[in-house]
Amino acid sequence: MLSESLRNIHLIDSHCHLADAKFSADLDVVIVRAGLAGVDRMICIADSITESEKCLKIAEKYEQIFCTIGVHPHCANEWKSENGTWVEDTMRQTPKAVAIGEIGLDYHYMHSPKEIQQNAFREQLQIAKNLQKPTVVHCREAITDIRSIIAEVQPPRIVIHCCTEKWEDVEPLVAAGYFLSFTGIATFPRSEEVRRTIRMCPIEQLMIETDSPYLAPVPYRGKRNEPAYVVEVAKCVAAEKGIALEEVDRITTENTVRFFGLPHS
Ligand SMILES: [Zn+2]
Ligand SMILES: [Zn+2]
């Protein structure tokens, strides 16, 4: 049942993969459940050109869903410079496509060689700069190269999503005005370093997300994750910052609206 304190919250899940096959059977129900939990809006994130097309369809279907388009470092092998024209044209023509993403570098899984990942990241970042649009950045074991490519291209708005970095490693990005976004990883017992980064990050530059269907927060850990559970991430941020859940709700929603240029509701 919905508790009294959750009735007046209007959270945004700033990063969820609603085009993932794990949602194909019950997406309508997942979205209703999000609304009942106080999660009014969602940013549906793409990881390939094919998935970008699916995300666009979802964003067109549901008023409360916006999407990104872009090629994830896992799929960097797929990226061709010709894709850039499609990305630019689609961003220009589709108001529900609000950002480029998720793009970045992943040196943990290394599905593509470093140079290929860096090229795909750099070219897509440049498109975001040309369009003056925000970018959702994925970073795993690659923060030094992420920082140097961002410094080289200087895109207007960046969020480091699913931030698990030490504060000292992301502090220069935050000082440059960029954002950090946190997932359910922050609720895991061993994530003290992530919680320290939450405490250090100015709340005006902080967003929350599920990265669903993966990374379900405590107490749902191990289950399929879904946008409704972003409430648990908000509670964790409230506890770390020592402020009320309603404040986290108000501020992170305002940050997300501003970052993605969403309509005020
Ligand atoms: Zn990611
Ligand atoms: Zn993601």
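Here the structure is a predicted model, which means the values were calculated and not measured. (Residues numbered from 1 in each chain as written. Chains lettered and ligands numbered in written order. Predicted model: local features only at pLDDT ≥ 70, side-chain atom pairs only at ≥ 80, totals over all residues.)

A. Geometry of the sheet that holds strand 7 (residues 179-182). Pairing is parallel in the open sheet, where eight strands are placed in the order 1-2-3-4-5-6-7-8. A strand with exactly one partner marks an edge of an open sheet, and here the two such strands are strand 1 (11-16) and strand 8 (206-208). The sheet shows a mean angle of 30 degrees between the axes of neighbouring strands, taken without regard to direction. Judged from the four bridges that link them, strand 5 (residues 134-140) and strand 6 (residues 157-160) form a sheet pairing that is parallel. Along strand 6, the bridge assignment pairs V137 with I160. Along the sheet, helix 2 (residues 49-61) contacts strand 2 (39-44), strand 3 (65-69) and strand 4 (97-106); its crossing angle with strand 3, the most-contacted strand, is approximately 160 degrees. (Pairing = 2+ DSSP bridges. Helix = DSSP H or I, 4+ residues; strand = E, 2+ residues; numbered from the N terminus. Axes fitted to C-alpha atoms, helices over the stretch in contact; angles between N-to-C directions. Contact = placed C-beta atoms within 7 Å.)

B. Expanded view of the environment of M91. Position of M91 among the secondary structure elements: in helix 3 (residues 83-93). With 21 C-beta atoms packed within 10 Å, M91 lands in the buried category. Considered as a pair, M91 and K133 are 42 residues apart in the sequence and their alpha carbons are 8.7 Å apart. (Buried ≥ 20, exposed ≤ 12 C-beta atoms within 10 Å, placed from the backbone.)

C. Local environment of the pairing of strand 4. Burial analysis of strand 4 places nine of its ten residues in the buried class, which makes it a mostly covered element. Sheet analysis places strand 3 next to strand 4, joined by three bridges and oriented parallel. Considered in strand 4, the bridge of T68 is made with A99. Pairing of strand 4 with strand 5, which is carried by five bridges, proceeds in the parallel orientation. Residue I103 lies in a different strand from strand 5, and its bridge partner there is V137. For the crossover from strand 4 across helix 4 (residues 114-131) to strand 5, the handedness is right-handed. (Right-handed = clockwise from strand over helix to strand, strands pointing away.)

D. Main features of the packing of helix 8 (residues 230-241) against helix 9 (residues 245-260). The interhelical angle for the contact between helix 8 and helix 9, taken along N-to-C directions, is 110 degrees, at an axis separation of 8 Å. Relative to helix 9, the element helix 8 lies roughly perpendicular. Relative to helix 9, the crossing made by helix 8 is right-handed. Side by side, helix 8 and helix 9 meet where A234, K235, V237 and A238 of the first sit next to L245, V248, D249 and T252 of the second. (Parallel < 35°, antiparallel > 145°, perpendicular 65-115°, else oblique. Left-handed = near helix turned anticlockwise from the far one by under 90°.)

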